[in-house]
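Residue-level structural notes
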Amino acid sequence: MGAAAPGGSAQNVPLPSGRPVWQALRMTPRAALRTRYDRATAHLDAPLAIVDLEAFDANAADLVGRAGGKPIRVASKSVRCRALLERVLARDGFSGIMSYTLEESIWLARAGFGDVLLAYPSADRAGFAELAGDAKLAAAVTVMADDPAQLDLIDRARSGGAEEIRVCLELDTSLHLLGGRIRFGARRSPLRTPADLAGLARAIVARPGFRLVGLMAYEGHVAGVGDAVAGSPLRSRAVRLMQSAARRELAQRRAAVVHAVRAAAPELEFVNGGGTGSVQHTASEDAVTEIAAGSGLYVPTLFDNYTSFSGRPAALFAQPVVRRPGVGVVTVLGGGYPASGAAGRDRLPVPFLPEGLRYHPLEGPGEVQTPLLGPPADDLLIGDKVWFRHAKAGELCERFDSLHLVEDGRVTATVPTYRGEGRTFL
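Going by the annotation in an unreviewed UniProt entry, the name recorded for the chain is D-serine deaminase, pyridoxal phosphate-dependent, with Streptomyces wuyuanensis given as the source organism.

1. What about the overall build of the chain?
What the chain contains, in helices and strands, is 12 helices and 21 strands. In terms of C-alpha radius of gyration, the chain reaches 24 Å, essentially the compact-globule figure of 22 Å for 426 residues. C-alpha extents for the chain along the principal axes are approximately 75 × 50 × 40 Å. Pairs at least 24 apart in sequence give 66% of the contacts found in the chain among residues at least 6 apart. Accessible surface, the chain as shown: approximately 17900 Å² in total, 53% of it carbon and sulfur.

2. Remarks on the side chain of Gln 319
Here Gln 319 shows up in strand E14 (residues 315–326). Separated by 2.5 Å, the side chain of Gln 319 and the backbone oxygen of Leu 333 make a polar contact. Those residues in contact with Gln 319 that lie beyond four places of it in its chain are Ala 46, Pro 47, Val 332, Leu 333, Gly 334, Gly 335, Tyr 337, Asp 384, Lys 385, Val 386, Phe 388 and Phe 400.

3. Side note on the packing of aromatic side chains
Enumeration over the complete set of coordinates arrives at 12 aromatic pairs. With a centroid separation of 5.1 Å and an interplanar angle of 90°, the aromatic rings of Trp 107 and Tyr 418 are classed as edge-to-face. Of this pair, Trp 107 sits in helix H4 (residues 102–110) while Tyr 418 sits in the segment after strand E21 (410–416), placing them 311 residues apart in sequence. Across this residue pair, the class does not change: Trp 107 and Tyr 418 are buried. On the numbers, 6.1 Å between centres and 40° between planes, the contact of Phe 317 with Phe 400 is tilted. Of this pair, Phe 317 sits in strand E14 while Phe 400 is found in the loop between strand E19 (385–389) and strand E20 (402–407), placing the two residues 83 residues apart along the sequence. Sitting over the face of the ring of Phe 270, Arg 73 holds its NZ or CZ atom 5.2 Å from the ring centroid. Above the ring of Tyr 100, the side-chain terminus of Arg 80 is found at 4.9 Å from the ring centroid.

4. Quick notes on the pairing of strand E15 (residues 329–333)
For E15, the tally of buried residues reaches four of five residues, placing the bulk of the element in the interior. Note: E14 against E15, three bridges, orientation antiparallel. Considered in E15, the bridge of Val 321 is made with Val 332. Note that E15 and strand E18 (residues 369–373) share five bridges and pair antiparallel. If you follow Val 330 over to E18, its bridge partner there is Leu 372.

5. A closer look at the domain arrangement of the chain
By domain assignment, the chain separates into domain 1 (29–47 + 314–420) and domain 2 (53–298). Using only C-alpha atoms to locate each centre, domain 1 and domain 2 end up separated by 32 Å. Facing the 18 residues of domain 1 at the interface are 23 residues of domain 2. Around 1500 Å² of area is buried between domain 1 and domain 2 when both sides are counted, 62% of it from carbon and sulfur atoms.

6. Observations concerning the packing of helix H5 (residues 125–132) against helix H7 (residues 148–157)
Two numbers describe how H5 lies on H7: the axes approach to 8 Å, and their chain directions differ by 70°. Regarding the angle of H5 to H7, the classification is roughly perpendicular. Here H5 runs over H7; the crossing is right-handed. From H5, Arg 125, Phe 128 and Ala 129 reach across to H7, where they touch Leu 153, Ile 154 and Ala 157. Grouping the amino acids of the contact of H5 with H7 by side-chain chemistry returns five nonpolar, no polar and one charged.

7. Quick notes on the pattern of salt bridges
Oppositely charged side chains may form a pair once their charged atoms are brought near each other. In total, this model carries 30 salt bridges according to the counting rule given. Put simply, Arg 253 and Glu 249 hold a salt bridge, and the shortest N to O gap is 2.6 Å. Placement of the pair is Arg 253 and Glu 249 together in helix H10 (residues 233–264), with a separation of four residues, close to one helical turn. Its relative accessible area of 11% is what places Arg 253 among the buried residues.

8. Some remarks on empty space enclosed by the protein
A complete count under the given rule lists three cavities of 30 Å³ or more for this structure. Forming the walls of the second largest cavity are Glu 219, His 221, Val 222, Ala 246, Arg 247, Leu 250, Ala 251, Arg 254, Ser 278, His 281, Thr 282 and Glu 285. Taken together, the elements giving at least two residues each to the lining of the second largest cavity come down to helix H9 (220–223), H10 and helix H11 (279–283). Counting residues per element, the lining of the second largest cavity draws most heavily on H10, which supplies five residues.

Procedures and definitions
Residues numbered from 1 in each chain as written. Predicted model: local features only at pLDDT ≥ 70, side-chain atom pairs only at ≥ 80, totals over all residues. Heavy atoms only, no water. Helix = DSSP H or I, 4+ residues; strand = E, 2+ residues; numbered from the N terminus. Rg over C-alpha atoms; globule rule 2.2 N^0.38 Å. Contact = heavy atoms within 4.5 Å. Areas by Shrake-Rupley, 256 points an atom, 1.4 Å probe, with all protein chains shown as cover. Polar contact = N/O pair within 3.5 Å; in protein donor to acceptor, adjacent residues only side chain to side chain. Phe/Tyr/Trp six-rings, centres within 6.5 Å; stacked < 30°, edge-to-face > 60°. Buried < 20%, exposed > 50% of the residue type's maximum accessible area, 1.4 Å probe, protein only. Lys NZ or Arg CZ within 6 Å of the ring centre and 35° of its normal. Pairing = 2+ DSSP bridges. Domains from an automatic or database assignment. Buried area = accessible area lost by both parts, 1.4 Å probe. Axes fitted to C-alpha atoms, helices over the stretch in contact; angles between N-to-C directions. Parallel < 35°, antiparallel > 145°, perpendicular 65-115°, else oblique. Left-handed = near helix turned anticlockwise from the far one by under 90°. Nonpolar A, V, L, I, M, F, W, Y, C, P; charged D, E, K, R; others polar. Salt bridge = Lys/Arg side-chain N within 4 Å of Asp/Glu carboxyl O. 1 Å grid on protein atoms, 1.4 Å probe; cavity = no way out; pocket = protein on both sides within 12 Å on 5 of 7 lines; lining within 4 Å. Points joined across faces, edges and corners; volume = space filled by probe spheres on them.

This is the structure we're talking about:
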């Protein structure tokens, strides 16, 4: 759908059904993508969300290659679709899930996922009672701890359940400079030194009802911060310098921590580290046994700005054109889907196809409508699709109850997201 632009830049190409779809006469890579997605979804009305399986699989292969033989544990918060978790875990090089709530962990374990690591501490007393009362669940789910008070909460919540709870410790990975006056990294675990981790490890080993099986260290300031920010060469260089120093410091400290924890718990099963942006760096550390990654499967916009890897956008959503207020502007329905984190333009979805559209500076993406500016607006008709990329990965699935899977130029399946299965864990 779409009128021919001046100079013959576009044409209406009829589908077998007789419904026209936009196609560029001079096919750039982005224009080819638009034609592909418009054709694949011509029978579907927007709003809708898709995952390009060819891009998804290529991104999965890239992660495996960068992991250098170490298994990748899939971060479920970055996928939020059981069918796609199953798809990626069926590939060589992937093993296990990193979940984000205890309720989700139990749901996944009951669905047949046999190795679920909960990446964050929980205060879900009902969930802990369920876990402690079911041998199969207790064997499949590992919970996170960095404070004895979290173990006390679990014990109070057992409700008579006597199953042994698998525990993973979390190491604070942040980089401290000038005696800690400057800090880079998320404020997560209070456990920072080998002595900190070893002390809690010994306490868990000596405590009935718990078994220490793992150690996790997520270096978000390396894995989740782009080091090649467009138009910001000085900032990009500063990020690269910070990350280089952070990798060196953490590699030494993580090795010392793992040595100290293994002395207290010789049967430690895994040491998890990394993230999409640091896979190859973390995998090079002998102390690390597995890598965590998830966003690299969908490749949202926050992962466009890395020198260490480049992926293919695999998850997109489309909004329909519903108004044409004037020359050089169209309005689409909805679209105001900001990502979590510190508020800023980098947390907004990005108009992706057709290339060249931008937000109105005083309106941005709106709750119920979004005006878009730029020359491509004049080629768009009522009902046409505008394709967007989300800033983060799995958060897109909180807006849609299904994902249309595109392969070989057509929708080959439609699968539910967590939301589509009635599951909204956070």
